[in-house]
Amino acid sequence: MRALPSGLSYLCLHLFALCYYAQVTNQSPPNFTQHVSEQSKLTDRVSRRLIRIYQLYSRTSGKHVQVLPNKKINAMAEDGDVHAKLVVETDTFGSRVRIKGAETGFYICMNKRGKLIGK
Ligand SMILES: *[C@@H]1O[C@H](CO)[C@@H](O)[C@H](O)[C@H]1NC(C)=O
């Protein structure tokens, strides 16, 4: 995997899977800022990284998510389009997920305004 450039104003999309059980549903909502900051510090040399290639289908557009060479991301790709091939990487037992376009190598990221971009 390519190292992501640091110090940029872009925050890469790291999806942190959380498990909450029925017993906490009455409590205040989870502090995601704290959770993400704690999970980011964990180094996990035990669990295997899993890398798979997927297409992500959008029911809204009826097409697939694609990462384009101009770093734009949309869900307008036909089935089998080369830009619709997405590499999904997980580590730490799947609690973190990174998604990048297989063709362009750009990760699906968000800028500070929450807009999707390739980076
Ligand atoms: C969430 O956690 C962060 C970091 O620990 C803290 O700065 C922030 O005040 C917390 N927010 C809430 C709503 O508790």
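Above this text is the structure in question.
What you see is a predicted model, and the numbers here were worked out from it, not measured in a lab.

Please explain the overall build of the protein chain as it appears in this structure.
Helix and strand content of the protein chain: 1 helix and 9 strands. Its helices and strands taken in sequence order, the protein chain reads β-β-α-β-β-β-β-β-β-β from the N to the C terminus. A total of 119 residues make up the protein chain; the buried ones form 31% of that total. Relative to all contacts within the protein chain whose residues are 6 or more apart in sequence, the contacts with residues 24 or more apart total 46%. Carbon and sulfur atoms make up 54% of the accessible area of the protein chain, which totals about 8600 Å².

Looking at this structure, I do not really get unusual backbone geometry. What am I missing?
What you tend to see is this: most non-glycine residues have negative phi, and most peptide bonds are trans. The phi dihedral of lysine 71 falls on the positive side, at around 70°, and the residue is not glycine. Among the structural elements, lysine 71 can be located in the loop between strand 4 (64-67) and strand 5 (73-77).

Before we go on, may I ask you to explain the nonpolar core in this structure?
In globular proteins that are soluble, nonpolar side chains generally tend to be buried together. Val65, Val67, Ile73, Ala75, Leu86, Val88, Val97, Ile99, Phe106 and Ile108 form the largest nonpolar core, which has 10 residues in total. If you list the elements that add at least two residues to this core, you get strand 4, strand 5, strand 6 (86-91) and strand 7 (96-101).

Rules used in this analysis
Residues numbered from 1 in each chain as written. Predicted model: local features only at pLDDT ≥ 70, side-chain atom pairs only at ≥ 80, totals over all residues. Heavy atoms only, no water. Helix = DSSP H or I, 4+ residues; strand = E, 2+ residues; numbered from the N terminus. Buried < 20%, exposed > 50% of the residue type's maximum accessible area, 1.4 Å probe, protein only. Contact = heavy atoms within 4.5 Å. Areas by Shrake-Rupley, 256 points an atom, 1.4 Å probe, with all protein chains shown as cover. Core = buried A, V, L, I, M, F, W, Y, C linked by side-chain atoms within 4.5 Å.

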